[in-house]
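Chain and residue survey
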Amino acid sequence: MKSITVVLLLVALGTVAPAQTPSTKSASDWRTPAERSDYRTTPRYDETMAYVRRVAAAAPGQVKVEVFGKTGEGRELVDVVVSRDGVFDPAALHRAGRPILLIQNAIHAGEMDGKDSCLALLRDMVITKSQARLLERVVVVIIPIYNADGHERFGPYNRINQNGPEEMGWRVNATNLNLNRDYMKAEAPETHAWLKLWNRWLPDFFVDDHVTDGADYQYDVTYSLSTGAGNDPALIEWQQKNVAPYLDKSVAASGHVIGPLIFLTDDADPTKGMDRYPSLPRFADGYVVLENRPGMLVEMHMLKDYKTRVTGNYEILCALLEVMNRDAVTLVRLNREADAAVVAAGKRFNPSAKFPLRTAPSKETEPFLYHTFKYTRELSGVSGQVWIHYAPEPLDITIPHPARLETTLAVAPPRAYIVPAQWTTEIEVLAAHGLQLERTTRAWSAAVDTYRCTDLKWNAQSFEGHHVMFSPQFAARSFSGHCTPVRETLSFPAGSVVVPMDQRAAKVAMEWLEPEGPDSAVAWGYFDAVFEQKEYGEDYVVEKLARDMMAKDPKLREEFEQRVAADKQFAGDPKARLDFFYRRSPWWDRELGLYPVGRLTTIEGVPLR
Ligand SMILES: [Zn+2]
């Protein structure tokens, strides 16, 4: 998000603490690098990995350091497994019904709070043992630095909105991609590595640690739980009734100010109220919902000092681990039931089933007690717009907040999708997600359900390297075109890919293959060529065609003449007038705009083996 006002505030606050000499490190000194600098600095990649390896060497029976992939620039992607009794094998842990928590840090490598809090948490679980009880039932997998290449683009000018540390990494990876927009399309090597890690561990809960942009307020810890569409109802209920109240109470008791994720409708006028967004499949916490797992997004407030943020992040992680240990049996059961429900629903086509692809905030609002700071608004001579500036005094105001997200587009899941073999890039994305795919053994053609898409518009400015069909800012609410369900006979060569829906991660396939989904392959531009007209008639050739068609068909002539008389724009557009006939002739390409992926209501008769 954007905020020029914050810069001025940071300057005014004088955020840089006086330099201190870090005390000399001894073998018994287990302070984290951030603690040793009194939270002025955050460690570089090498120093971070040295610290986790030092902990692992001191507690080999409880900590295992794994490499789960490589970045574009060749850095190792590291995860740290913490297990009370040295069981590090995910399959054995699943068999034993022990819940696994995956904590991801530094996907935005300027936002370091999670990394430094996880180093302290790791130490406190296995070295000082002050948090050893958090490992009673739960096994923790920590990614200290996910966006490792971005992390090493280190400097003091990477986070203009943020109050420390002195230097930090950069938001995106080495190819300038935001990894937290890549979970569905899976283009970055980091995402491929992450998906393999995810499928190997299949965690029971996922946390993604960030630092905010946006407004100023009293909260230092803000969070949301599993706001993606298509969430399992029993898992939602458990999170709302059992997780959220515990986090709120526990973090508040530690002296931090906890609140929900704050999205003001207008950052320059808090009284306009809060907005509400779903977490889309492109985001880490939105993606895991499609995998039937709870996902927590933590956003530490950018203007709080670094010590407050790192310790606040530590507190919410501890609180979550406490709930996971307390409710271990329930959590593992709910996750297994959520998986089983998806598999069971996928076994047969149910035309009345509805999977929500898009949601929007309800018109109905509820009051939200917003803990902000006193502020003044004035017309700025710098920007020419209203400038909001905050004073240090707390202000508690009640503002409207949409009561819920409501479904605006839902589809019935098919029994299976079928993707023609030649769409290799799109198929590779399905494979990267670990979906079970089957290949046809011979050419097959059949009448299948699909879509014909019209009125598509591509953004002129690219987004994550794509000219997408949605507004990047309001992706959940916008799609430029219309995809109308049609039944057409399509041809599928041998080796076409069938994606059966009776599998655990079936929702991932739906989000990728339903064209009007907010993160579909169509919306991201993967099927663009389907919507390009490849043959055309020269004007003087179509002119002759038009005259012949009218001579043979007086009704067509009448229709054309009426259109010319009634529609000024049409009448004044020679191309449209000729196109009127070309589109009605057998020369017109019937496959133009026809989505090549089929929705099967049964897999009987499909040549699979
Ligand atoms: Zn972030």
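Quick caveat: nothing in here was measured; it's all calculated off a predicted structure.

Procedures and definitions
- Residues numbered from 1 in each chain as written.
- Predicted model: local features only at pLDDT ≥ 70, side-chain atom pairs only at ≥ 80, totals over all residues.
- Heavy atoms only, no water.
- Pairing = 2+ DSSP bridges.
- Helix = DSSP H or I, 4+ residues; strand = E, 2+ residues; numbered from the N terminus.
- Axes fitted to C-alpha atoms, helices over the stretch in contact; angles between N-to-C directions.
- Donors = N, O, S within 2.8 Å, 3.2 Å for Na, K, Ca; no water.
- Tetrahedral: all angles 85-135°; square planar, octahedral: opposite > 155°, others 65-115°.
- Buried < 20%, exposed > 50% of the residue type's maximum accessible area, 1.4 Å probe, protein only.
- Polar contact = N/O pair within 3.5 Å; in protein donor to acceptor, adjacent residues only side chain to side chain.
- Disulfide = S-S within 2.5 Å.
- Parallel < 35°, antiparallel > 145°, perpendicular 65-115°, else oblique.
- Contact = heavy atoms within 4.5 Å.
- Nonpolar A, V, L, I, M, F, W, Y, C, P; charged D, E, K, R; others polar.
- pLDDT = per-residue confidence, 0-100.

The strand order across the open sheet formed by 8 strands is 1-2-4-3-5-8-6-7, and the pairing between neighbours is mixed. At either margin of the open sheet sits one strand with a lone partner, and together these are strand 1 (63-70) and strand 7 (258-260). Put simply, the sheet's adjacent strands are angled 25° from each other on average, direction ignored.

Quick look at the coordination of the zinc ion now. The protein atoms donating to the zinc ion are H108 (ND1), E111 (OE), E111 (OE) and H210 (ND1), with metal-donor distances spanning 2.1 to 2.7 Å. Around the zinc ion, the 4 donor atoms are arranged such that angles at the metal cover 52 to 147°; this shape is classified as irregular. Counting gaps between the donor residues of the zinc ion yields the pattern H-x2-E-x98-H. An identical accessibility class is assigned to H108 and E111; each is buried.

Before going further, it helps to examine the side chain of H256. Here H256 is to be found in the loop between helix 8 (233-253) and strand 7. With relative accessibility at 13%, the residue H256 sits in the buried group. Within the structure, the side chain of H256 is placed 3.5 Å from the side chain of T311, a separation counted as a polar contact.

The term disulfide refers to a covalent linkage connecting the sulfur atoms of a pair of cysteines. All told, the structure shown has 1 disulfide when counted by the stated rule. Residue pairing for C453: its cysteine sulfur links by disulfide to C483, the two sulfurs lying 2.2 Å apart. Its torsion about the S-S bond being 110°, the disulfide of C453 and C483 is classed as right-handed. Separated by 30 residues along the polypeptide, C453 in strand 15 (residues 444-454) and C483 in strand 16 (residues 482-492) bring together distant segments of the chain. Comparing C453 with C483 shows no difference in burial state: the two are buried.

Take the packing of helix 3 (residues 45-58) against helix 5 (residues 113-126) next. One can describe the packing of helix 3 onto helix 5 by two numbers: an axis separation of 10 Å at closest approach and a directional angle of 10°. When the axis of helix 3 is compared with that of helix 5, the two are roughly parallel. Only K115, L119, L122, R123 and V126 of helix 5 make contact with helix 3, whose side of the interface consists of T48, Y51, V52 and V55. For the contact of helix 3 with helix 5, a count of residues per class yields 6 nonpolar, 1 polar and 2 charged.

Attention shifts here to the confidence of the model for the protein. In regions of low pLDDT, the predicted coordinates are not meant to be interpreted in detail. Taken over all residues, the pLDDT of the protein has a mean of 95, while the share at 70 or more is 96%. Every residue in residues 1-22 scores below 50 in pLDDT, and together they form 35 contacts with partners more than four places removed in sequence or on other chains.

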